[in-house]
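What follows is each chain in one-letter form.
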Amino acid sequence: MAENRNGNGPTGAGNAYAINLEGFSRRLKAMYSHWCEHKSELWGSSDALAVATPPASEDLRYLKSSALNIWLLGYEFPDTIMLFLDKQIHFLCSQKKASLLEVVKRSAKEAAGVEVVMHMKAKSDDGTAQMDAMLCAIRAQSKLDGRDNPIVGYIAREAPEGNLLERWAVKLKNSNLQLGDVTNGFSDLFAVKDINELTNVKKAAYLTASVMKNFVVPKLEKVIDEEKKVAHSSLMDDTEKSILEPTKVRVKLKAENVDICYPPIFQSGGNFDLRPSASSDDEHLYYDSASVIICAIGSRYNSYCSNVARTYLIDSTPTQGNAYEVLLKAHEAAIGALNPGNKVSTVYQTALSVVERDAPDLVTNLTKSAGTGIGLEFRESGLALNAKNDRVMKPGMVFNVALGFQNLQTPTKNLKSQNFSLLLADTVIVTEKGHDVVTMLSSKTVKDVAYSFNDDDEEVVLPKVKAASNGTENLFSKATLRSDNQEISKEELRRQHQAELARQKNEETARRLAGGGSATGDNRTVAKTSSELILYRNVNDLPTPREMMIQVDQKNEAILLPIYGSMVPFHVATVKTVSSQQETNRNCYIRIIFNVPGTPFNPHDANSLKHQGATYLKEVSFRSKDSRHISEVVQLIKTLRRNVVAKESERAERATLVTQEKLVLAGNKFKPIRLADLWIRPIFGGRARKLTGTLEAHTNGFRYSTSRQDERIDVMYANIKHAFFQPAEKEMITLLHFHLHNHIMVGNKKTKDVQFYVEVMDVVQTLGGGKRSAYDPDEIEEEQRERDRKNKINMGFQNFVNRVNDLWGQPQFRGLDLEFDQPLRELGFHGVPFKASAFIVPASSCLVELIETPFLVVTLSEIEIVNLERVGLGQKNFDMAIVFKDFKRDVLRIDSIPSTSLDGIKEWLDTTDLKYYESRVNMIWRSILKVITDDPQRFVDEGGWEFLNLEASDSDSDKHRGVRPRDEESEESEEELEEEKGKTWEELEREASNADRERDESDSEDERRRRKTKAFGKSRGGPSSAVPKRAKMR
């Protein structure tokens, strides 16, 4: 590793390089202990260790000598010879390097009891004299130890480079000293990393995975989508630049500490080389049907390496899809075997057994090893993951698990697609309890690496490797980059897909009903009544009465009433109402009515049943001439009663909460990620002025707090079901929204949805009322300020979201599957989910409305079917009924959706693999679900949900199922009502007209004129106005 390339080599005494003496002492002591303990088995019984570091080079190379420099001293010292003896360490180097090394003398003496001897070489000096002095030191030590022929250990695999090292090699060879190879000793010494080394590996791995995810994949997608011709070497150069500039991939690492492990590798078009020494050629990227693209990148941080490799499939054939599925299983099995105490050989053997079981014909194509150890060297000797390595794995070891199939064949028309290879690689750390995949940020699942274009007539469909989709897939698991052939209409393709979904849905529902899966309610029970009310433990606890007046004891929640000369306490919870009345004679009355069990609206509870023979006080009234005192007492009782009811309600709500884990605050490892000046919904209780707060991302959850100590909530990562980020576009707010698995308390409110937002525009009112010109400079400047403010806020939220997503990408959050989702406005539609119209927007896994309250968050994986109701010609809008898999859950209705959104909604539902039906009327879903749950076998036998299919069902079959539309039921109700009433409306109208006519004929002309004059100018009801209006039946 060259000092010029890495920037980690000292060049002079006046630079900023400083050796970490604490780390030097610790590692020097560890080196001497390891040398002493394993001298015969790993260090070749060497009495001295001679390590020569070659001159600096611009080439990428991995040398044990350079690794020792960085591991021990923190920097590479090129053109330097180090000699380790039992009691001395000799350095042969230039004067500038010697000045840097002077600081280690004291540390070496204290840590290992060795003396540091410097041999400084001038530029004009060839170093021969200094070399002779070092060899004499070896012989002198051997004589002291009673050994006549000492053994000098050296790194045999490193050929000498430069005049100094070549001269040293000749000196050693002609010294008549025994030479031994100590490569295995250094390999074992470097194998187990300490905490600082593991931190460097993790940072390097995070950079590598981020480059693959945030640069390589989008770059490939853009090239393929725009059908550009780009050479592999060009992709290599662009990827290398993104590694060397981490900020381009949203990674905050110093560029001077970063380097590549090797030039990034891009291969396609049938020419594949799975060896780490492979290179990217000048051929163009090949992405036609059935093509395979292999990408491998590695980066270093502080000289510690990491590696990741992925294979991307374009319109893969069944052969390619099956092979990748087997490779993925084998790779995961190999990673799973990386546990402390296991032999290294078990890793490859585990992967081999998976291939032998699932695809025995591919065994010969499997790579001969599953990777190597990785650290300061890209390939650490002695830690190869092959079938012959019997070394035992220990916590702190790091491996590059690389597995692949090479030289596979698939029958296709294109010659470049017939030959293909597959490769997967990840960097994995062995931990105390197992292993940690530190490059997991880059996905390798089938849905994320398999692309479908369907541009060829040739059938190249990727085989399904999962169970039939039931809506749990994301909306855009991997976006299709080009449009399909238009030989078949979109409507026909959608109809075919929906028919397949109907079959799958009916099979799935039948299995769930057969297993009792429909009865998956929340099983909540009614909260128990509170224990018997106790105001005071004994009479002595009663407050001393000042005088016989009504008193309110706020502390004990009691009202003390003067009755027959004694102060009698009543708990405020027993009070039903309290009121006051002022009379004309200056007397004022206060009336208190109590709750009496057994009366209407006051049923017996557990306490009243215990005392069935008890006599209850129903009400009391008191008279006073002090009206002000009466008003104060009434106000105090009402306030106390309101507070007690609120407290009891909050206690009952909290009793049903699921216990959450404690928030672990971010410590010294990292600072919490902060987003300031946020409002929260739902708001905290209380009448105090509302304040903005700060949202912080800690180790295992979020904390939102204001300047008030009691206004604080914690949202655990494990309790987050969905997380959304919605920037302000046409809205007034930018928001973060969390939909939770279990309820939490925000103030005194129980909620599953918590939202943090900022208003991007200030609400202003223009004074004067006049219209302003569109070219008014002040108006233009104000609009520009608003745009700048909105963009600034959106960018701040986006940075927070990116950092939290990176945090969630760490291994400890692997099982939570968390990532901020952003609703897709272009797929949105207007509708009425509750009481008001709202703009409802699909996201990748949900259907949401996050602006108006109450919020709407529907998880797509929980949806059984969707029924589009009131769909027909002439209708301006229609309704959507969402039926959930839990049949005990109420059907969600979204009403009054404009008919112009119908095609877009059907396309979205079909894309997300949700089965939808259409009907011309609204259905009574409560009755339908009751019929299904009462007799699920009949529902399955009669075709499941196909009774909703207008093309496959008729009215008779619907009635046979007990399913009727709303209109039909209302018509029947009206007919029954008319039969009960007797006469029809027409008959009543006719009778009223006849009665008016007879009356007019019997009246005189003068009377008719008088009535006409009296009624002139007034609106007179029709002849049927006397008939009572008929009640509407719903």
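Residues numbered from 1 in each chain as written. Predicted model: local features only at pLDDT ≥ 70, side-chain atom pairs only at ≥ 80, totals over all residues. Heavy atoms only, no water.

As for the packing of helix H2 (residues 21–37) against helix H5 (residues 104–112)
In the contact formed by H2 and H5, the axes pass within 9 Å of each other and the chain directions differ by 45 degrees. Between H2 and H5, the crossing angle belongs to the class labelled oblique. The two elements H2 and H5 cross, and the hand of that crossing is right-handed. Two secondary-structure elements touch here, H2 through Leu21, Phe24, Ser25, Leu28, Lys29 and Tyr32 and H5 through Val104, Ser107, Ala108, Ala111 and Ala112. Its residues assigned to classes, the contact of H2 with H5 comprises eight nonpolar, two polar and one charged. (Axes fitted to C-alpha atoms, helices over the stretch in contact; angles between N-to-C directions. Helix = DSSP H or I, 4+ residues; strand = E, 2+ residues; numbered from the N terminus. Parallel < 35°, antiparallel > 145°, perpendicular 65-115°, else oblique. Left-handed = near helix turned anticlockwise from the far one by under 90°. Contact = heavy atoms within 4.5 Å. Nonpolar A, V, L, I, M, F, W, Y, C, P; charged D, E, K, R; others polar.)

Brief notes about the environment of Val363
Within the secondary structure layout, Val363 lies in the loop between helix H12 (345–358) and strand S11 (371–373). Separated by 11 residues in the primary sequence, Val363 and Leu352 have C-alpha atoms spaced 7.3 Å apart. Not counting the four nearest positions on each side in its chain, Val363 is found in contact with Leu352, Val355 and Glu356.

Notes on H2
If you check H2, its first and last C-alpha atoms are 24 Å apart, about what 17 residues at 1.5 Å a residue would give, namely 24 Å. The complete set of buried residues in H2 reads Gly23, Phe24, Ser25, Arg27, Leu28, Met31, Tyr32, His34 and Trp35. For H2, the side-chain oxygen to backbone nitrogen distance between the N-cap and Glu22 is 3.2 Å, and the N-cap itself is Asn20. (Expected span 1.5 Å × (residues − 1). Buried < 20%, exposed > 50% of the residue type's maximum accessible area, 1.4 Å probe, protein only. Polar contact = N/O pair within 3.5 Å; in protein donor to acceptor, adjacent residues only side chain to side chain.)

Description of helix H8 (residues 183–191)
Taking burial as the measure, the nine residues of H8 include eight buried ones, the bulk of the element. Restricting attention to buried positions, one finds in H8 the residues Thr183, Gly185, Phe186, Ser187, Asp188, Leu189, Phe190 and Ala191. In this fold, the buried residues of H8 make contact with H2, strand S1 (48–53), helix H3 (64–73), strand S6 (178–181) and strand S12 (398–409).

Some details on the side chain of Thr509
Within the secondary structure layout, Thr509 lies in helix H15 (residues 490–514). Classification of Thr509 by relative accessible area gives buried; the value is 0%. In contact with Thr509, not counting residues within four places along its chain, are Glu864, Phe887, Phe939 and Trp945.

Considerations on the nonpolar core
Residues Leu68, Phe84, Phe186 and Leu422 are the most contacted members of the largest nonpolar core, which totals 129 residues. Considering every element that reaches this core, the biggest residue donor is helix H9 (residues 195–225), with 12 residues. Counting only domains with at least three residues in this core, you end up with domain 1 (21–190) and domain 2 (195–451). With near-sequence residues (within four places) excluded, Phe84 lies in contact with Leu28, Met31, Tyr32, Trp35, Asp47, Ala48, Leu49, Val51, Leu68, Leu72 and Ile89. Counting 35 residues, the second-largest nonpolar core is a separate cluster that includes Ile673, Ile720, Phe738 and Leu818. (Core = buried A, V, L, I, M, F, W, Y, C linked by side-chain atoms within 4.5 Å. Domains from an automatic or database assignment.)

Structural notes on the sheet that holds strand S30 (residues 829–831)
With antiparallel pairing, the four strands of this open sheet are ordered in space as S30-S31-S32-S33. If you trace the sheet from one side to the other, it starts and ends with S30 and strand S33 (856–859), each paired once. The sheet shows a mean angle of 25 degrees between the axes of neighbouring strands, taken without regard to direction. (Pairing = 2+ DSSP bridges.)

Some points on the pairing of strand S24 (residues 701–705)
Taking burial as the measure, the five residues of S24 include four buried ones, the bulk of the element. Bridge analysis of strand S23 (residues 693–697) against S24 gives four bridges, and the strand direction is antiparallel. The partner of Leu695 across the bridge, within S24, is Tyr704. In this structure, the hairpin formed by S23 and S24 is closed by a connection of three residues. In the sheet, S24 pairs with strand S25 (residues 712–716) via five bridges, with the strands oriented antiparallel. Across the sheet, residue Arg703 finds its bridge partner in S25, namely Asp714. Between S24 and S25, which follow one another and run antiparallel, lie six residues.

A look at the packing of H3 against H8
One way to put it is that H3 packs onto H8 with a least axis distance of 11 Å and a crossing angle of 40 degrees. Considering the angle they form, H3 stands oblique to H8. Between H3 and H8 lies a crossing whose hand is left-handed. For the pair H3 and H8, contact is made by Lys64, Ala67, Leu68 and Trp71 and by Thr183, Phe186, Ser187, Leu189 and Phe190, respectively. When grouped by side-chain class, the residues that make up the contact of H3 with H8 number six nonpolar, two polar and one charged.

What to know about the packing of aromatic side chains
Taken as a whole, this structure holds 22 aromatic pairs when the rule is applied. For the ring pair Tyr704 and Phe756, a centre distance of 5.0 Å and an interplane angle of 40 degrees mean the geometry is tilted. Taken together, the positions of Tyr704 in strand S24 and Phe756 in strand S28 (residues 749–759) put the pair 52 residues apart, joining distant regions of the chain. Classification of Tyr704 by relative accessible area gives buried; the value is 0%. (Phe/Tyr/Trp six-rings, centres within 6.5 Å; stacked < 30°, edge-to-face > 60°.)

Observations concerning the confidence of the model for the protein chain
Model confidence for the protein chain is summarised by a mean pLDDT of 81, while 81% of its residues fall at 70 or above. Low pLDDT (under 50) marks residues 967–981, which in the prediction has 10 contacts with non-local residues, meaning those over four places away or in another chain. (pLDDT = per-residue confidence, 0-100.)

Here we look at the environment of Gly565
On the secondary structure map, Gly565 appears in the loop between strand S17 (558–563) and strand S18 (566–571). Through-space distance from the C-alpha of Gly565 to that of Met548 is 7.3 Å; in sequence the pair is 17 residues apart.

Thoughts on the pairing of strand S21 (residues 619–624)
Alternating positions in S21 separate cleanly, Val620, Phe622 and Ser624 being buried on one face and Glu619, Ser621 and Arg623 remaining unburied on the opposite face. The sheet contact formed by strand S20 (residues 588–594) and S21 spans six bridges and is antiparallel. Bridged to Ile593 within S21 is Glu619.

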